[in-house]
Structures are given as C-alpha cells and as structure tokens.
Amino acid sequence: MEKGGKGVRVTSWRMGHDQGPRRAWPINPDAASRLIKKAERPVLVVGSAIEEVDGLIDIAVRVSKTGIPIAATGHSIKFFADKDVDVAEVNVVEITNMLTDPEWEGLDGQGKPDLVIILGVNLDLTNQTFSTLKNFTDIPGLNISRYYNTNATYSFPNLDNELWLEYLNQLCEKLESE
Amino acid sequence: MPETKKIKIDKLKGKGLTFEDMIIEFGKIEEEWDEPMGPTPKPNLLALRSWDRKLLERYEPFYTPICDMCCHCAFGKCDLSGGKKGACGITIRAQQARQIALESAIGTACHGAHARHMLEHQIKRKGRDYPIDLGLNVATEAPITRTIVGIKPRTLGDLEEVMDYAEKELQKVLASIHAGQEGDYIDFESKALHVGMIDNLVKEVGDLAQIVGYDFPKGDPNAPLIEFGVGTIDQTKPVILAIGHNAAPGAEIIDYCERHNLSDKVEIAGICCSAHDLSRKKDSCKIIGPLSMQTRFVRYGIADVIVLDEQCVRTDLLEEAIKVKSPIITTSEQNCRGLEDRTDDNPENIVRDLVEGKIPGVFIHDPAKVGEVAVEVALKIAPLRKDIKAIPDTKELIAQASRCVACEACQRVCPVNLHISEALKEAEKGKIDKLAELRDLCVGCIRCESACPKEIPIVSLMEKAVEKQIKEEKSKIRAGRGPILDTEIRNVGPPIVFGEIPGVVAFAGCSNYPKGAKEIGEIAEEFLKRRFIVTSSGCAAMALAQYKTEDGETLYEKYPGIFDSEGLTNVGSCLANAHILGAAVKIPHIFARRNLRGNFEEIADYILNRVGAVGVVWGTYSQKALAIGTGLNRWGIPVILGPQGSKYRRLYLGRKDKEEKWEIYNARTGERVKVDPTPGHLTYVVESKEEAIVAIAKLVMRPNDTTKGRQIKLAHYIDLHKRYMGTMPDDLHLYVRIEGDIPMNMKEEVKEILKEKGWKERIIPDPTLVERLVWKKEAKA
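Owing to the predicted nature of the structure, the values given are computational and were not obtained by experimental measurement.

Student: Looking at this structure, how should I read the sheet that holds strand E15 (residues 533–537) of chain B?
Tutor: Across a sheet, paired strands are connected by hydrogen bonds in the backbone, their directions being either parallel or antiparallel. All names here are of chain B. The strand order E3-E19-E22-E18-E17-E14-E15-E16 describes an open sheet built from eight strands, whose pairing is mixed. Edge positions in the sheet fall to strand E3 (60–63) and strand E16 (568–572), since each has one partner strand and no second. The mean inter-strand angle of the sheet, taken between neighbouring strand axes irrespective of direction, is 25°. Taken together, the four bridges between E3 and strand E19 (residues 650–653) define a ladder with antiparallel strand orientation. What sits directly across from Phe62, in E19, is Leu651. Across the face of the sheet, helix H1 (residues 49–58) comes into contact with E3, E19 and strand E22 (681–685) while running at roughly 60° to E3. With respect to the sheet, helix H20 (residues 538–546) is in contact with strand E14 (504–507), E15 and E16, its orientation differing from that of E15 by roughly 115°.

Pasting the structure below:
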C-alpha cells in the first residue's frame, strides 16, 4: 500500500501509465468528502465491476443517499433497480462524451455535473474516462476506486482491499454527517 | 480486367521487309461489364471526403488520449495536455486523430504486404492468367474490389491493379501524417477511414489469391470440422508448428509431406491465422489456438520445429524456443528475427545445422525450401527432443511460488489486472486452484514475468496448474469457408433489409479478452438462439471453439455453417474477414440491384441505413484490428469493442439525445426528415459481456426496418435488457417510430412508457444521407 498525502510519492497503479506531466492529487476520505460537499452537481459514475467486491454496492447507495445521483454504466443498473436511489442508466463513454459538450445539461436536464466521481468501473475505462475529462473539459474528476489514477484530478492512493473499504466507509460517514 | 498481352514473332518476312524478334504488345482491353462505372472508381483521399464528413457529423470522434505527449519528431517531446499545442502547432485532438490514421495505416500495411506477397506467390505458382473462379454460387467474386476499384477481376493478374492502387493510397495517408502536413482532426479521421477501407480491399485480394491458388473452400457452408486444442496433437509423431498469418510456408510443408508420403507421419499444427489457413488447405491440420497460446504452447516443448511467418508473432519466441530446443525457421522478409539468411543454401546443410543444434534457427525466404527443411528437421530432431519442456513439475511450482514477495509488480503490469500474487501465495501452500483460474483469464502477454523482481516464471506456473486439462483439451472448429454464397445472400437479403432476420453479428479481433474467451461464446450463443446470423474470423473464431454449450458441444457442432438465421460461419483468417464485409456489400447488389462498380458512397449509404450488421471486437490489441474496424465504419457498419478498445484512443459516437443529428433525406420525396437514432454509434466501447449483448441488440436497428422487423428487433432488445440489466430500457421512445413497431406481446407495457415520455409518431422514410440518391422525379412531383 502506498499512503497518499504530502511528501509521499504515489505512482500510477498501472506501471508506466503516467501519461503526461499532470498528475492527480492523492486524496484521503476527509478531503474527498469536503470536495464532494463543495460541489453543486456531483455525479457518481458506477460501473459493472461494482459487483466484484462485497460491500461496494452498499457504499454506492450510501453515497447516493447523501444527494448524489448515480450514473450506472455497464450493466450496473441491475444492482440499483430495487434501491431507492436517484439512478440513470448510461454507457460510460457516452456520458464522458456528453460531459465534453459545453451545452449538455446533465442526465436529468437540470445542469451539467461539476464533479465526476468514479467507482467500480473497469480499470482501463476509468483511466480513459479521466483522460478525456482532463484533456477536454474543466470538470474535476475524483477517483475513489482502489487504484491510484494519474488522469483524475484527485484520487485515492493505491490501497489494499481492506483499507480501501475502510476509506470508502469513512467517506460515507463524512458525507452522512451534517 | 485482362492483363496486357504480348505476342512474340521470331521472324516475319514480307515484300522487301523482314522482322526478326518482333514483340507486339496489346494494351488493356476495355472491360466487358454491363454495369456503368460509378462516380468514384479508385477513390483518392478526396473522393469520399464528403461522405466521411457526413458520417463524422453524426458520429463525432470521441477521444480518450492514452498519452498526453507527442513524440513524433525531434522538436518534442511536446506536452499537449490542457489545451497546449505542440511545436508544430498540433492540438491533442488532432494528435489523437493522427495516431489513429497512423495505426490504421500500419494495420493496412500489414495486410497489404501480406496480400501482395500472397498474390506474387500465387502468380509464380499458377501464372497471371490463372482464373479467379469461385464457382457458380459466387458470381460476385470480389464485391469490395468491384465497389472501390471499379473492376471485376477475372485472373490473378487482374489483382495486381488493385494492389497498385491500394499501395499508392497507403503511401498518401502515411505522407499526411508527417509533421507539418495534415492538421485538422476531421481530415485525419477521413484519412483513417480511407486507409481502413483500403485494408478491407487488400484483405479481399490476399484471400482471393490464396483461395484460388491453394484451392481453399469456396464458400462451402459444410466446410469440415477441424480438430482444435492442444489435446488433439499426436505427440508420438514429429510436430511442426506454424505461427502467424501467411499460409505460404505452411502450405509448402503440407505439399512436401504429400509428395513424400509423410502426411500420416508428421503432425502439422498452427497458432493464430496461419492455423486457419492451413486447415483450409488440408483438414487434417490441427489448430492449437489463438495468438495468446504462442509462448505457452512453445514452453510445453511439443513443437519439434517452429515456423514463423508474419504478424502477431511474439518477438521473443526465438528465446523461448531455445529453452526447449525447438529450431525456429523465420520465413517473412517483414520478420527475420536476426537469423542468418540461408535461402540460397543447400537444404541438407540447413537441416544438419539445425538438428545438430549448431544454430537455433534460420531465415529462409523460399516457401518451398521451408517446406522441405521443416519436415526433414522435424523427422530427425523429434527423437532427440523427447520430454524437453519449460513447464515446471509440481515441486518446482511450489518452490517458485514460495519465492514471491507479494510486491504486486505482476498485477500492476497485467493488462487485465489479475491478482497473481494472491494465487502464488496459495500455490506456495500447494493449492493451485487459483492459479488455474487465472490461467483461463490470462491473455498470454507474459509481462508479469518481465516485471517480477524475483524472475518467477509465472506463466509457466499457471500452465503447470492446468497442464493435464490443457493436454486433454479437444474441441472442434469449422474450417474457414471463405466467401458467403450469392445464393445465401439472395435468401437472407430481403429479411435482413426489412429487419425480419434481426441482425448479423460478426466476431473478429484479437485474443486479449477482459474476462477470458468464454464470454465470446456466451455472447454468440445468445444470438444464435435468437435466430440472428452469427459469423466469425481470426482469433475470435477460435474463441468460439474454446466454448462449449451445456450439451458439451462447441457452437460449430451445434449450429450449421450457413449464412442464415441460426447459422454460425467461420470465414477463416484475418484476411478472410473481408468476406464478412463482402456479404454486406453483396446485399444491395444482389437483393436491391444496386451497382457496385466504382459506387462506394451509394453502397455504404445502403448498408448504413438498411443492413443490420454489427461487428464485435471483444479482444483488441493490434493495429490490424483497428484498421479492420475503421474500414467497416466507412461502409456504415458499427463495431463494438471490449473495454481495452478504449485504449485505441478514438471512438465514433452518436448522440441519441440530439435530434438534429439524425436528419436524413427521404429518398422518396427529397425532404429532410428526422429519423430514429439508428445505428446509434459507429465505434463503441462497452464494459461487460452483459452490456455488449444489449448493445448488439440495439445496434442492429436501422431506419429502414419494416414495422414487423422493428417489432422483432425491439422484442429482443427489451427482453435482453430485462434479462441482463434487470430493467425496461429507458430509451424505447426513441426506437418506436409508429405504434406498429411495438412488439405484440408488450403493447400495453410499452405504450405506458411512451405516454410518460410524450412520444409522437414519426414517418418511416426511405432513408439516405446522400442527396443525389433522392428519386429525383418523385421529389419534383
């Protein structure tokens, strides 16, 4: 595990996949929660890999219940159909494409997201989604997946499974407080 | 088109005039063909630019850079992120498009050089006048060539004109990529589409040449079932393994064995597309598997001689072969591997040097000599090589696993992020189940071994974990049948165009799957059960042979090899996948009587609006796969990529939420009208098998579907969405054009949804993107 934070070098989980001079700020649950709370229209992009680790679906539901809509990509909509959350089904490259459109008004037509949070999306697609956001939009990307991603604006560091779930739980608790 | 003819007259005497050694040369004879020449024979970079812009206006390029830098010239590196420009002025968007054009050009060059070699080889064997005769049922012998080049090739020599054109266009695309040339991303994309179309063309040339030259199956729906898998290899015989794509050396191995009555005494097997093509020539040749099997199979030590030709051959195979004392013969000028050129040497000397181990391998640029040397070496070396392998025994496996320090470097370089060190920890305790599970998901890139600081032979340990099972692995694959018959097109053309056959699903691409080969089989089976037409080629066709149904059969055994509902065709190698596109091109020609000759735009417009075909490239690694897909896109065929396909950097995405993007001409009236957003995308990426299945059902819809056809397609879409997504689709209102489109048994449920969405009926036009294709008379009236 590489701990994030001041003075600690965090490297891309995929060795050699740092694709340019700009690197994501490593972030902890506390800072992530403040970032999310500060955003006016955050969206939580949840992919099919959400089913691969026990407890992740519940985490997504908890985050969403703090007022953050879920963009369910891949086939992940099936995990939220019976949950009482604000969820919309969308393909991950389609939503990323729409995010690059200055005139797009969001999945609900009420306005474009101002923070994109990613959880449980395939590793390659997470990387490529953040790459597009970084290069073609002003929208910050927050990666709360298990692996540090340089293309995001902010990212959890590389974590083992146990600590990752702990980070996510802490994030939920922070978001749920107040 | 007949070639230039020469007549030589030794002596001709006339009144006061004597000619000696006279040669009379006839130029090209005008084509006898009742089709008039269309507007774009041999299109250059500009001829179809307006068509590309129509496509790209609707399906805008979407970029996901994999690198923010440009390293193309010595001005650089240039950081292009955050809106910065490079030293030449290029933007990150244009740089992505340029890279796509370059990689498509590389893929096309690979197929093109292969096709040129195969053509020259067959001309040398058979002569320029050798006819291209695919039989009465394949009268439209070269649909892609007819449409793009505007000729109807009758002989092998006629195909040289096609290659001349293709090579010229490839050079121009490459020139446009140089610093300070093209700079606009849409124009780069147009060039990528152009060179992708050229890729489709050269593949058709290469496969036609080998079909007629080697007498491969000519569209036979009953092509034989071929033995597939490591377990099919008779290890009591000398084994020759061919890896790559070019059938020429392997074909000579087969011929040499036949001439010397050795066919029963030598086992000939292949990996990757060479395997397809060898089994098209002789059905006793075995297919080991796709390109991901190369290193693994070599490490088993089963191959007594390894013959490498070209494309997708691992660059470290010589190193691997040395470990198991298997001599290597390289055969392609594109792929010499540093080996000594012994093309002009006496075969006996070469055989002696290889058998005695004086040299690890040789380069021989003469397929016939390769045939002789490979067989003779195999016969002599096999008894000396018994039991040599690079797979550890169980004790060694445990010892190696215990050296793991759990640094996770292996996982961090793994393209599919396999949890390797966890499996090694288990193996250390003698539990190899996890390693065995990983082996099914491993894509065979061997990066984990290179990254391991302890130099643990991770892939060999995985192989050991499944060795018994792999060595018993036996399956069946249908031999590559080549083209789709004109008679089949006559049968399926109308129901495809009207939408009553719900779609054609074509599997192609590489073998680096996100979750193993099994998923391709599961996707294919889902659509075979639903009476779609399923077709395949290359490594994807092999993945289908690795999958077994609940009954224990492969899909090739369960479903017939016809191009029809519930049929599963394997057209053959990568070159042969031109026939899948060829089938789509034949539909407007045979069913709708549209002229092909030099008439690209009209044919592509027809396919885009009427032919519900979709390509699935579930494994994506090579530049060739990119070129194939980009070419298909120019013809209006959408392609779905697995998640790794996002690393190609560019997709062509439609916006179903933007109504104005879906405006077309109604060919009956000339009016501009808005249609349903179909097909939704041209290049698309999905995350999971489940999403792929639903996306296929949606991407086969076309604006021309009849109401009956649309009912059928919507019924599948809704049913699959419910099954794999757990919900009703939320975009049904976009695909129901009139009430008659609603599937009968879902009327009430769907009508309720339409009401909520404020749905209104739309007209079903005769759709075209091309104004000149409007029926002028009626439009004026």
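Student: Honestly, the domain arrangement of chain B in this entry has me stumped. Any pointers?
Tutor: Put simply, an interface is often sized by how much accessible area is lost when its parts join up. Here the domain parsing of chain B yields domain 1 (49–214), domain 2 (230–384), domain 3 (394–456) and domain 4 (482–772). Once you take the C-alpha centre of each, domain 1 of chain B and domain 3 of chain B turn out to be 40 Å apart.

Student: Where do I start with the sheet that holds strand E1 (residues 25–26) of chain A in this structure?
Tutor: Residues and elements named next belong to chain A. The strand order across the open sheet formed by seven strands is E1-E7-E6-E5-E2-E3-E4, and the pairing between neighbours is parallel. Looking along the sheet, the strands with just one partner apiece sit at the ends: E1 and strand E4 (87–89). The pairing of strand E2 (residues 42–46) with strand E3 (residues 70–72) spans three bridges and is classified as parallel. If you follow Val46 over to E3, its bridge partner there is Ala72.

Student: Help me understand the packing of aromatic side chains, please; the structure alone is not making it clear to me.
Tutor: Aromatic rings in a pair are described by how distant their centres are and how their planes are angled relative to each other. For the structure on display, the rule yields nine aromatic pairs over all chains. On the basis of an interplanar angle of 20° and a centroid distance of 4.3 Å, the ring pair of Trp13 of chain A and Tyr147 of chain A is categorised as stacked. In this pair, Trp13 of chain A sits in the segment before E1 while Tyr147 of chain A sits in the loop between strand E6 (141–143) and strand E7 (154–155), placing the two residues 134 residues apart along the sequence. Ring geometry for Tyr63 of chain B against Tyr185 of chain B: centres 6.0 Å apart, planes inclined by 80°, an arrangement best described as edge-to-face. Placement of the pair is Tyr63 of chain B in strand E3 and Tyr185 of chain B in helix H5 (residues 185–214), with a sequence separation of 122 residues. Taking relative accessible area as the criterion, Tyr63 of chain B reaches 2% and is therefore assigned buried. The side chain of Arg93 of chain B reaches across the aromatic face of Tyr185 of chain B, ending 5.5 Å from its centre. One Lys or Arg, Arg650 of chain B, reaches over the ring of Tyr652 of chain B and ends 3.8 Å from the middle of that ring.

Student: What should I look at first to understand unusual backbone geometry in this one?
Tutor: Most peptide bonds take the trans form, and the phi angle of most residues other than glycine is negative. Residue and element names in this part refer to chain B. Between Gly76 and the following residue, Lys77, the backbone shows a cis peptide bond with an omega angle of 5°. Relative to the helices and strands, Lys77 is located in the loop between strand E4 (69–70) and strand E5 (78–79). Thr678 connects to Pro679 through a cis peptide bond whose omega is -15°. Within the secondary structure layout, Pro679 lies in the loop between strand E21 (672–674) and E22. In the Ramachandran plot, Lys42 falls in the positive-phi region, its phi being about 45° despite a non-glycine side chain. Within the fold, Lys42 resides in the loop between strand E2 (17–26) and H1. Positioned with a positive phi, Cys312 is a non-glycine residue whose angle comes to about 60°.

Student: Sorry if this is basic, but what is going on with the interface of chain B and chain A here?
Tutor: The interface is formed by 48 residues belonging to chain B together with 44 residues belonging to chain A. Overall, the association of chain B and chain A removes approximately 3,900 Å² of surface from exposure, summing both partners, and the carbon and sulfur fraction of that is 49%. We note a salt bridge from Lys647 of chain B to Asp124 of chain A, for which the minimum N-O separation is 3.4 Å. Here chain B and chain A share 32 residue pairs in polar contact (both at pLDDT 80 or more) between them. Tallied by class, the residues present in the side of chain B that touches chain A amount to 20 nonpolar, 13 polar and 15 charged.

Calculation criteria
- Residues numbered from 1 in each chain as written.
- Chains lettered and ligands numbered in written order.
- Predicted model: local features only at pLDDT ≥ 70, side-chain atom pairs only at ≥ 80, totals over all residues.
- Heavy atoms only, no water.
- Pairing = 2+ DSSP bridges.
- Helix = DSSP H or I, 4+ residues; strand = E, 2+ residues; numbered from the N terminus.
- Axes fitted to C-alpha atoms, helices over the stretch in contact; angles between N-to-C directions.
- Contact = heavy atoms within 4.5 Å.
- Domains from an automatic or database assignment.
- Phe/Tyr/Trp six-rings, centres within 6.5 Å; stacked < 30°, edge-to-face > 60°.
- Buried < 20%, exposed > 50% of the residue type's maximum accessible area, 1.4 Å probe, protein only.
- Lys NZ or Arg CZ within 6 Å of the ring centre and 35° of its normal.
- Buried area = accessible area lost by both parts, 1.4 Å probe.
- Salt bridge = Lys/Arg side-chain N within 4 Å of Asp/Glu carboxyl O.
- Polar contact = N/O pair within 3.5 Å; in protein donor to acceptor, adjacent residues only side chain to side chain.
- Nonpolar A, V, L, I, M, F, W, Y, C, P; charged D, E, K, R; others polar.

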